[in-house]
Each structure stands twice: as structure tokens, then as C-alpha cells.
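Architecture and fold: a report
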Amino acid sequence: DNQNHAIIFARGMFIQAIDANQGGYLEQMLLLPCVLGEFRGNSKKIVGFPEHITSDIGTIGDFAAGSEVAFGTILQRSYAVLGGRMHYGHPDMMNRVYMIQQGGVSKATKTVNLSEDIFAGMDFTLRGNGRTIQHSEYFHVSKGRDM
């Protein structure tokens, strides 16, 4: 819900959903013009990127980071090929206007205990009209894994 409250204060046409425990690398930020170029020709899309999971709390943290890599990168890549990738939450970039029109970036429910960010991808896909969700590998942000 914090992302939905903050979306009205965002400036510009595109937004990126980032968690509090995420950060960007300088060399990755130099790729932002390329990322924004993904929206040329069709701005009705969500562009998803992998995360670089880091942990400095030992073996348990490394195992947790490894499971996050399996879901956040390998499965998301496979879902994209199969046409089933939804908005995972972060570090996806999307058109701010289309997200506002469909009611926000994430939707929480009391009955379904699921990642609330997936509903934004489902709404986006169900609205059709040329909307696509893709996964690109050349840009990523870091994410700290805590236990």
C-alpha cells in the first residue's frame, strides 16, 4: 500500500518499484537510458529485471539469497518465455499513468495470502489492448537479504 500512496507524488511518465532494502549500482544507473528505451513504440508495458541478492550474515543468509535468486531470476525468466510473468514487485519499471488507471501498483487482499504485487500484473494483462510484460536481463538492482 505504500507504493499506491506514493504513486500520486511521482513525477515523470515511468516509475520503478523499489523496496527499502534495495540499492542501485552506479554502473547500472548508466543503463537507465537503455531501460527507458524499452518503452519506445509501446509504453503499455511492464519491464521486469532481476535482482542481485546480497547477504552478509553467513551460510543461512546465503541459502536465503540463493532461494531468492531462484525465484526472482530463474523462474521470472521462465515465466516471461511462457507468457505468464506478472509484476513481481521490484525492480520492475512501468508506465505511471496506466498503473493509476488500474487502481495502483499493488492490491492487498484479506483472504488470499499472496504477493500483492502479482495482482497489478494480472490487472494489467487482463485489460489487454496491447499491454505486455517482459523480462530483461541487462539491468539489475541489489537487494539485501536479512533473516
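This text follows the structure it describes.
Note that the structure is a prediction, hence the values are computed from the model and not measured.

**What about the sheet that holds strand β6 (residues 132-135)?**
- Pairing is mixed in the open sheet, where four strands are placed in the order β1-β5-β3-β6. On the outer flanks of this sheet lie β1 (14-16) and β6, each paired with one strand and no other. For this sheet, the mean inter-axis angle between neighbouring strands, taken without regard to orientation, is 20 degrees.
- Relative to strand β5 (residues 93-95), strand β3 (residues 45-48) runs antiparallel, the two sharing two bridges.

**Description of the packing of aromatic side chains**
- Throughout the structure, instances matching the rule amount to three aromatic pairs.
- Ring geometry for F49 and F139: centres 5.1 Å apart, planes at 70 degrees, overall edge-to-face. Taken together, the residues F49 in the loop between β3 and β4 (51-54) and F139 in the loop between β6 and β7 (141-144) connect sequence positions 90 residues apart.
- Members of the aromatic cluster, each reached through a chain of ring pairs, are F49, Y138 and F139.

**Side note on helix α6 (residues 118-126)**
- Taken together, the buried positions of α6 are occupied by F119, A120, G121 and F124.
- Following α6 by one or two positions, G128 has its phi on the positive side, about 60 degrees.

**Considerations on the nonpolar core**
- Residues I7, I15, I46, M94, Y98, M99, V105, F124 and I133 constitute the largest nonpolar core, which totals nine residues.
- Excluding its chain neighbours within four sequence positions, the residues that come into contact with Y98 are S43, K44, F124 and R131.
- Listed in part, the seven residues of the second largest apolar core include V35, F39, V47 and M93.

**Focus: a nonpolar patch on the surface**
- Residues F71, L75 and Y79 make up a contiguous nonpolar surface patch of about 230 Å² in total accessible area.
- Its location among the elements puts L75 in helix α4 (residues 59-82).

**A look at unusual backbone geometry**
- A positive phi angle is found at N129, which is not glycine, with a value near 60 degrees.
- The residue N129 is located in the loop between α6 and β6 in this model.
- Exposure remark for N129: the relative accessible area of 60% places this residue in the exposed category.

**Points about the side chain of E51**
- With respect to the helices and strands, the residue E51 is situated in strand β4.
- No salt bridge is formed by the buried E51, whose closest oppositely charged neighbour, K143, lies at an N-O distance of 4.3 Å.
- For E51, the side chain forms a polar contact with the side chain of Q22, separated by 2.8 Å.
- Not counting chain neighbours up to four residues away, the residues in contact with E51 comprise Q22, E68, T73, Y88, H90, P91, V141 and K143.

Procedures and definitions
- Residues numbered from 1 in each chain as written.
- Predicted model: local features only at pLDDT ≥ 70, side-chain atom pairs only at ≥ 80, totals over all residues.
- Heavy atoms only, no water.
- Pairing = 2+ DSSP bridges.
- Helix = DSSP H or I, 4+ residues; strand = E, 2+ residues; numbered from the N terminus.
- Axes fitted to C-alpha atoms, helices over the stretch in contact; angles between N-to-C directions.
- Phe/Tyr/Trp six-rings, centres within 6.5 Å; stacked < 30°, edge-to-face > 60°.
- Buried < 20%, exposed > 50% of the residue type's maximum accessible area, 1.4 Å probe, protein only.
- Core = buried A, V, L, I, M, F, W, Y, C linked by side-chain atoms within 4.5 Å.
- Contact = heavy atoms within 4.5 Å.
- Patch = residues over 30% accessible without salt bridge, like charges linked within 9 Å, V, L, I, M, F, W, Y side chains within 5 Å.
- Areas by Shrake-Rupley, 256 points an atom, 1.4 Å probe, with all protein chains shown as cover.
- Salt bridge = Lys/Arg side-chain N within 4 Å of Asp/Glu carboxyl O.
- Lys, Arg positive; Asp, Glu negative; His and termini not counted.
- Polar contact = N/O pair within 3.5 Å; in protein donor to acceptor, adjacent residues only side chain to side chain.

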